[in-house]
Every structure is written in structure tokens, then in C-alpha cells.
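# Structure at a glance
The lines below spell out each chain.
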Amino acid sequence: MPESPDQSSPISGQSEDSLHFVLMRHAKSDWSGEDVADHDRPLNSRGVRDAPVMARWIAETGFVPNYILCSSAKRTQQTAALMESYWKHTNVPTPRLVIEPPLYLASAKTILQTVERVSRIADEDGENFPRTVLILGHNPGISHAASMLAGHPIGLPTAAMVVYRCSTTDWSEALGHENAMMVDQMKPKLLGREHR
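Below you will find a few notes about this structure.

Thresholds, definitions, all that
- Residues numbered from 1 in each chain as written.
- Predicted model: local features only at pLDDT ≥ 70, side-chain atom pairs only at ≥ 80, totals over all residues.
- Heavy atoms only, no water.
- Pairing = 2+ DSSP bridges.
- Helix = DSSP H or I, 4+ residues; strand = E, 2+ residues; numbered from the N terminus.
- Axes fitted to C-alpha atoms, helices over the stretch in contact; angles between N-to-C directions.
- Parallel < 35°, antiparallel > 145°, perpendicular 65-115°, else oblique.
- Contact = heavy atoms within 4.5 Å.
- Nonpolar A, V, L, I, M, F, W, Y, C, P; charged D, E, K, R; others polar.
- Expected span 1.5 Å × (residues − 1).
- Buried < 20%, exposed > 50% of the residue type's maximum accessible area, 1.4 Å probe, protein only.
- Phe/Tyr/Trp six-rings, centres within 6.5 Å; stacked < 30°, edge-to-face > 60°.
- Lys NZ or Arg CZ within 6 Å of the ring centre and 35° of its normal.
- Core = buried A, V, L, I, M, F, W, Y, C linked by side-chain atoms within 4.5 Å.
- Lys, Arg positive; Asp, Glu negative; His and termini not counted.
- Salt bridge = Lys/Arg side-chain N within 4 Å of Asp/Glu carboxyl O.

Here we come to the sheet that holds strand β2 (residues 67-70). Through backbone hydrogen bonds, the strands of a sheet pair up, either in parallel or in antiparallel fashion. The strand order across the open sheet formed by 6 strands is β3-β2-β4-β1-β5-β6, and the pairing between neighbours is mixed. Bordering the open sheet on either side are β3 (96-99) and β6 (180-186), each of which pairs with just one other strand. Taking each pair of neighbouring strands and ignoring which way they run, the sheet shows an average axis angle of 20°.

Quick look at the structure:
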């Protein structure tokens, strides 16, 4: 069973009056199947290892999302499922997963427009207002979106995340460099073997 995050350590991220937006690229996928359509490519063994590593990191830093908006591709859905499995086994509240087909190979513009729908999705589901939202997608769009919000180039390798604190009060407000401040970022390679 995965080791639980240290609940006694200070949480660096969440506060009740702020919104947080997380951009994540899917974990490493398998290119060995020549006849497999891009949309249907699964994770490879490295991707299967890296997704729970990142789930642990995001739990330790206090940025576990209330909602995950996920591309419909097999590799993004597997990444989300592995992260959810880690959180369930470590008693971390599990996010609401919403599959968004338009996020498959989406542009930065589409990615940022998709997050604007979160408040409406929550209202329709009768859910509490989500204060942290994660979009799980693909390059190049996910890195372009991260760069637009940060105001400088960011290249996200597989399974990498970048976290923004938003000065907005509702997800329907368009996000940009002026109202989204990057507060953290991580990739599996930086976490080392102690997290594996």
C-alpha cells in the first residue's frame, strides 16, 4: 500500500479564500503498438510508476484538486485513475473526474476556455464550489497554456505539473498572466527515489 503523505507537515498551498489551477501533462505513454491509434495509446511502465509519484507530491503540497478535467485519451484517463487510486489508498479526498473530449490535443486557448465552465459543471452536478481544479492534457497545448499564464516559456515533460494561485473569485473569469501567479511546479525526475 502506498505510504500516506505526512499530514503533520505544513501545507504550502491551499487557503480557503483562494482558487488554485493546476496544469498537468499525462504520464509517459507507450509507442510500441504500431497499429494503435494515438487516442488509444496506453501508459508505459514508466508512466504507471510516475503518476502515483505525482499524486503523492500534490497531496503533500496541499493542491489535491476538487475537480479533474481530463482529456478523453486513454493515456490521460489512465494517469487520472492511477492518481485517484493513490489518494484512495492514503485516505485523501478523491476529486470529481470529468472527461472532456475537447481537451484531447487541445490548444492553449481551448484549455483555458474549458476551465471557465467549471462553475457551471459544479452547479449542474449539485456539487460544492471547487476551489482547486486540475486540467490533465497533452503537449504542446498544455505547455503553451502554462507559458501563457506564467508569462515566460514553460515546457512540461510527461507527468509534470504547474500550479497557479488565481486572484479571481469564480472560474468563469478568464485566466491570464495578470490574475494567475505560478506558485509551484514539479516533474517526477526531481522527486527522486524516495517518492517511489
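Turning next to the packing of helix α3 (residues 108-115) against helix α5 (residues 141-150). Each pair of packed helices gets described by two things: the angle between the helix axes and the distance between those axes. Their axes nearest at 8 Å, the elements α3 and α5 cross at an angle of 70°. Comparing the axis directions of α3 and α5 gives the class roughly perpendicular. The segment α3 lies against α5, with A108, I111 and L112 engaging G141, I142, H144, A145, M148 and L149. For the contact of α3 with α5, the residue count by class is 7 nonpolar, 2 polar and no charged.

Compared with an ideal rise of 1.5 Å per residue, which puts 16 residues at 22 Å, helix α2 (residues 74-89) spans 22 Å between its outermost C-alpha atoms and is within 8% of the ideal. All of the buried residues in α2 are R75, T76, T79, A80, M83, E84, Y86 and W87. Packing partners of the buried residues in α2 comprise β1 (19-25), α1 (45-61), β2, β3, β4 (132-137) and β5 (161-166). Positioned one or two residues after α2, N91 has a phi angle of 60°, which is positive.

Moving on to the side chain of T114. By the secondary structure assignment, T114 is in helix α3. In this structure T114 comes out as buried when scored by relative accessible area, which is 5%. Here T114 is in contact with L69, E100, L103 and I135, once residues within four sequence places are set aside.

So, on to unusual backbone geometry. Cis geometry marks the peptide bond from N139 to P140; its omega dihedral reads 5°. Summarising the element assignment, P140 is placed in the loop between β4 and α5. At N91, a residue that is not glycine, the phi angle is positive and equals roughly 60°. As for its position among the elements, N91 is in the loop between α2 and β3. The phi dihedral of A159 falls on the positive side, at around 70°, and the residue is not glycine. Relative to the helices and strands, A159 resides in the loop between α5 and β5.

Let us look at the packing of aromatic side chains. The description of an aromatic ring pair rests on the distance of the ring centres and on the angle between the ring planes. Tallied over the entire structure, the rule returns 1 aromatic pair. The lysine or arginine in question, R41, covers the ring of W31, its NZ or CZ lying 3.6 Å from the ring centre.

Moving on to the nonpolar core. Counting 31 residues, the largest nonpolar core has F21, L23, L69, I135, Y164 and W171 as its most contacted members. Elements supplying a minimum of two residues to this core: β1, β2, α3, α4 (118-125), β4, α5 and β5. If you tally residues by element for this core, the top one is α5, at 5 residues. Residues within four places of I135 in sequence aside, it is in contact with F21, V22, L23, M24, L69, L103, I111, T114, V115 and I142. Grouped together as the second largest cluster of nonpolar side chains are 27 residues, L43, M54, I68 and M83 included.

Positionally, E84 belongs in helix α2. Nearest to the buried, unbridged E84 among oppositely charged side chains is K88, at 5.4 Å.

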